[in-house]
Amino acid sequence: MATYHKPEARTVQELKDIANKLRIHSITSTNASKSGHPTSCASMAEIMSVLFFNTMRYKISEPRDPSSDRFILSKGHAAPILYAAWAEAGLFPVKDLQNLRKIDSDLEGHPTPRLNFIDVGTGSLGQGLSIACGMAYVGKNYDKASYRVYCLVGDGESAEGSIWEALNFASYYKLDNLCVIFDVNRLGQSDPTVLQHNMETYRKRLDAFGLNAIVVDGHDVEELSKAFHEASTTKGKPTAIVAKTYKGKHFPSIEDQENWHGKPLGGQADTVLEHLKSLIKNKGPLQLHPQKPLKEDAPIVDITNVKLSSPPNYKIGESVATRLAYGTALAKIAANNSRVIALDGDTKNSTFSDKLRKVYPDRYIECFIAEQNLVGIAIGAACRDRTVAFVSTFATFFTRAFDQIRMGAISQTNVNFVGSHCGVSIGEDGPSQMGLEDIAMFRTIPGSTVFYPSDAVSCERAVELAANTKGVCFIRTSRPSTSVLYKNDENFQVGKAHILKQSSNDKVLIIGAGVTLYEALKAADELAKSGIHVRVLDPFTIKPLDAEAIIKNAKAAGNKIVTVEDHYPEGGIGEAVLSVVAQENITVKKLAVTGIPRSGPSDVLLEQFGIGAKCITKAVNSLLH
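Residues numbered from 1 in each chain as written. Predicted model: local features only at pLDDT ≥ 70, side-chain atom pairs only at ≥ 80, totals over all residues. Heavy atoms only, no water.

Explain the pairing of strand S12 (residues 473-476) to me, using residue names and the numbers behind them.
The side chains of a regular strand alternate between the sheet's two faces. Residues Cys-473 and Ile-475 line one face of S12 and the alternating positions Phe-474 and Arg-476 line the opposite face, and both faces are buried. Here 4 bridges tie strand S10 (residues 415-420) to S12, and the two strands are oriented parallel to one another. Residue pairing for S12: Val-418 is matched across the bridge by Ile-475. In the sheet, strand S11 (residues 449-451) pairs with S12 via 3 bridges, with the strands oriented parallel. Within the sheet, the bridge partner assigned to Val-450 lies in S12 and is Phe-474. Tracing the backbone out of S11, into helix H16 (residues 456-467) and back to the parallel element S12 gives a crossover that is right-handed. (Buried < 20%, exposed > 50% of the residue type's maximum accessible area, 1.4 Å probe, protein only. Helix = DSSP H or I, 4+ residues; strand = E, 2+ residues; numbered from the N terminus. Pairing = 2+ DSSP bridges. Right-handed = clockwise from strand over helix to strand, strands pointing away.)

In structure tokens:
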């Protein structure tokens, strides 16, 4: 280990004093709001003091400077002490802490990026470490910069499997610029934690996962200072500092006691505050300067105006799966911008994200079969606008990471999710592999954009558009090969539908997407044989839906609509269409997969589960007779 210089006695005392000031702020702010978690803050006070006033390098004037160290508070309920640390560092007035949790204050109950010193929203426990891993991966492999990433995890949330997914990732990729701190304060919300203060078990588990595990007294600033120094000089593996702490530390009659989680001190505050003030030796302003010099070596990154390096190149009628077109487009936009990256969960040869890997292997991140961590890594990688991240796996497997995705929206992330193998059309693999809930799931995400391209041309353009669209994007791709419908120079826009078949005598508007668009076209041809003309619309994006085009074309087609989708009826295309025509005198008949499907040939399943061409023909006839 590089030479460690023990802090001077004056520095040690001031770090202790700062820790107690942070405790005081945590008490007064939660008392002012009549809610919050002061005891959870108290256990980590020395950790925060040493990190923010002795270890981390950051710009107070610009907290999100690309060269600054990153700090993720995974146990987001301890937000008051994080706010207090930034206030004591000088970012904003200490008096503002009394606005905690008030409706007109951005000092919310849990951290969100409404604040300029918060990168991601946390508080849904078990997620912060994956995000920190994504940041560290980018710092080490893409930015190749000096900044370090620190993540503070609560011992209660270490029961979450996603924490161990992240630790496995960090170890595998040798993220020695990452330091995770476990605040082992023994007590959870309603009961003691699984391991309580069994520090050796924590150490052994972390060691087995390939981390440099250091057990410390979490209330000893000298031990913490030395541990953070060791972390900064350890090469080839991440460091885990396992800090033995006490919930409510230095709170008389409350320290290490149950039933104080999430409660302001109320009437006991004055007694505790008096005790804490008695522990502070330096009564005046800080002598320590919190801002350490940082090496400004993070490169300038431009992730705007991402384009396909060449336009789509297909022939009308050519049979190409949209999942394959996704891989082609991904490689093309990667050729145009060096910050385009792909992440996958060991399905790259099915989602075709491996097409990027083959040409730019260093810009592909294999996250293995750990979808929650996969999503978290992407959120971290995209943070501070360092990359354009595309995350792919089977559409159905994103459901297990729904919490990470919704927290990504709270984090204002710009991550692009690509789900393949959607619907019963995947065939023989059966229901466990069929994405039938994914449209509904992604539609519920605030600010999301949901693309459902039906052919290779529209899929390539969806990838290009998603790369430049703010917020969470989802691209739904299909397993079967489908015919190219559009010319290579067709113009695609978010929220703009395309009409594929129409006449002046249309009786019904059929709306399909992906494989069901082709079933709609087949049904249209069959209906035409009996003199019934129908109009066929491809929505391209399900959110936002092209309400104007749908209403206009429905009115031109007898005020009747049939929607057909390879998805469950709840929350899918049919319900999206119903919402936009709710104020119109338009009849909508929904065709969707009802019940749990089974294995079988794709074309058989489409008819058996009510979304094939014959079913569409029957639905149209029922509307007309």
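Back to the write-up after that little detour.
Can you break down the sheet that holds strand S7 (residues 340-344) residue by residue, with the values?
The strand order across the open sheet formed by 7 strands is S8-S7-S9-S10-S12-S11-S17, and the pairing between neighbours is mixed. With one partner strand each, in any of the chains shown, strand S8 (364-366) and strand S17 (541-543) form the two edges of the open sheet. Each strand of the sheet is rotated relative to its neighbour by a mean of 20 degrees, with strand direction disregarded. Taken together, the 6 bridges between strand S9 (residues 388-394) and S10 define a ladder with parallel strand orientation. Residue pairing across strands places Ser-392 opposite Val-418, the latter belonging to S10. (Axes fitted to C-alpha atoms, helices over the stretch in contact; angles between N-to-C directions.)

Describe helix H3 (residues 45-55), listing the residues and the values that go with them.
Counting buried residues along H3, 10 of its 11 residues qualify, which places the element largely inside the surrounding structure. Listing the buried residues of H3 in full gives Ala-45, Glu-46, Ile-47, Met-48, Ser-49, Val-50, Leu-51, Phe-52, Phe-53 and Thr-55.

Break down the packing of helix H13 (residues 371-382) against helix H14 (residues 402-410) for me, citing the residues and quoting the values.
Relative orientation of the contacting elements H13 and H14 amounts to 15 degrees, with a least axis distance of 8 Å. Judged by the angle between their axes, H13 and H14 are roughly parallel. Of the two possible hands of crossing, H13 and H14 adopt the one that is right-handed. In this structure, H13 contributes Gln-372, Val-375 and Ile-379 to the contact, and H14 contributes Gln-404, Ile-405 and Gly-408. Taken together, the residues of the contact of H13 with H14 sort by class into 3 nonpolar, 3 polar and no charged. (Parallel < 35°, antiparallel > 145°, perpendicular 65-115°, else oblique. Left-handed = near helix turned anticlockwise from the far one by under 90°. Contact = heavy atoms within 4.5 Å. Nonpolar A, V, L, I, M, F, W, Y, C, P; charged D, E, K, R; others polar.)

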